[in-house]
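Structural description and commentary
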Amino acid sequence: MSIAVSGITKRFGDFVALDDVSLEVPTGRLTALLGPSGGGKSTLLRIIAGLEFPDTGTVEIEGVQATWLPPQKRSVGFVFQHYAAFKHMSVFKNVAFGLEIRRKPKAEIRKRVTELLELVHLEQFADRLPSQLSGGQRQRMALARALAVQPEVLLLDEPFGALDAQVRKELRDWLRNLHDEMNVTTIFVTHDQEEALEVSDEIVVINGGRIEQVGAPADLYDKPANDFVMKFLGPVTTLDGTLIRPHDIEVLRTPGPDTVAATVTRLTRVGYEVRAELRTANGSEPWVQLTRGQAEELALEPERSVWLRTSGAPKTLAVS
Ligand SMILES: Nc1ncnc2c1ncn2[C@@H]1O[C@H](COP(=O)(O)OP(=O)(O)OP(=O)(O)O)[C@@H](O)[C@H]1O
């Protein structure tokens, strides 16, 4: 077990940012802390990093009681969204910084920094200043710097948050590959469910200072523990009081066992997908996600009568 967080509570004044949170992160995993803004993700990460201390509870890192240790004694590396590079230092010097303050021999520093710059694909930019890099390159430099001191745990707080969608996507794939190569236990904070589903081995859903669910991406998507997790991880709609994913409703031209009669009210094409809005006899107004081919085969058009059936899919009873 790499990180064991146990019974952590953190208050800011009267506000409870974390409420009795316990979590175990196995060695070598890539774990996402996922949840809405203000839910407590960063606070938990900062407590693991040693940048913040809990009111109650403990943090163990690789079997060492770390709750009250300062960050530099925890064998953690971290990268934040707005990474503060040393502006006057070259990329090489920025990455070498942690090794230099640890007074490592010059030859060792040169070797390690060269390896790291290759790893993050910045070898040709070693002599540039951070201001001469793109945002994505700067975040890769930040990761190289965090990895330089060979941390046992890497903590990333929305590391790609400030970048545009295309670069984010590239860095996500890159982080996944890097992790597979290095196997450093990594925890990253994100509020982007697609990012968490795509990159991580395990997702911890955090909301209102509490953990809602922990599991592999597919488990969370297919077997959400509650409405909150289901809504947060993907699109949902309501069919006769049941919360369901819109791609898990089948549309049929004829009635059959367990079908519900409905009328098409509106069709919207979004790229390759067609969204059909419907109204059932009970007044329920679900929407269904179809491919263009399916919509054409069914000859869907407004006012058409169809029948709906839920395919063996995740659903929870809607609260409202
Ligand atoms: N130093 C602080 N003083 C007072 N309140 C704080 C402090 N740090 C965090 N909070 C509050 O604690 C709550 C949790 O904040 P936190 O940053 O952990 O959330 P988050 O899930 O990471 O959100 P985001 O995605 O917006 O960063 C928020 O309501 C925040 O305002």
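Let us look at the structure shown here. Not measured: the values here are computed from a predicted model.

Moving on, we get to the site of the ligand. Close contacts around the ligand come from F12, F15, A17, P36, S37, G38, G39, G40, K41, S42 and T43, and that covers them all. Within the side chain of S37, an N or O atom sits 2.6 Å from an oxygen atom of the ligand. G38 is positioned such that a nitrogen or oxygen atom in its backbone is 2.7 Å from an oxygen atom of the ligand. In isolation the ligand exposes 630 Å². Once the protein is present, 58% of that is buried. Here the shell around the ligand takes three residues from helix α1 (residues 41–49), the largest share from any one element. Along the lines of polarity and charge, the residues of the shell around the ligand split into four nonpolar, six polar and one charged.

Let us look at the packing of helix α2 (residues 91–101) against helix α3 (residues 106–119). It is at 10 Å that the axes of α2 and α3 come closest, and there the two elements cross at 125°. Between α2 and α3, the angle is such that the two are oblique. Helix-helix and strand crossings are classified by hand; for α2 and α3 the assignment is right-handed. Counted together, V91, F92, V95, A96, L99 and E100 of α2 and I109, R110, R112, V113, T114, L116 and L117 of α3 form the full contact between these two elements. In the contact of α2 with α3, the residues fall into nine nonpolar, one polar and three charged.

What follows covers helix α4 (residues 135–148). Taking 1.5 Å per residue, 14 residues should reach 20 Å; α4 reaches 20 Å between its end C-alpha atoms and fits that length. Extensive coverage of α4 is indicated by the burial of 12 of its 14 residues. Among all positions in α4, only G136, Q137, Q139, R140, M141, A142, L143, A144, R145, A146, L147 and A148 are buried. Considering only its buried residues, α4 is in contact with β6 (76–80), α2, α3, β7 (153–157) and α5 (165–182). At the exit of α4 stands Q150, carrying a positive phi of roughly 50°.

About the thresholds
Residues numbered from 1 in each chain as written. Predicted model: local features only at pLDDT ≥ 70, side-chain atom pairs only at ≥ 80, totals over all residues. Heavy atoms only, no water. Near = heavy atom within 4 Å. Polar contact = N/O pair within 3.5 Å; in protein donor to acceptor, adjacent residues only side chain to side chain. Areas by Shrake-Rupley, 256 points an atom, 1.4 Å probe, with all protein chains shown as cover. Helix = DSSP H or I, 4+ residues; strand = E, 2+ residues; numbered from the N terminus. Nonpolar A, V, L, I, M, F, W, Y, C, P; charged D, E, K, R; others polar. Axes fitted to C-alpha atoms, helices over the stretch in contact; angles between N-to-C directions. Parallel < 35°, antiparallel > 145°, perpendicular 65-115°, else oblique. Left-handed = near helix turned anticlockwise from the far one by under 90°. Contact = heavy atoms within 4.5 Å. Expected span 1.5 Å × (residues − 1). Buried < 20%, exposed > 50% of the residue type's maximum accessible area, 1.4 Å probe, protein only.

Everything listed is a geometric property; what it means functionally is a separate question.
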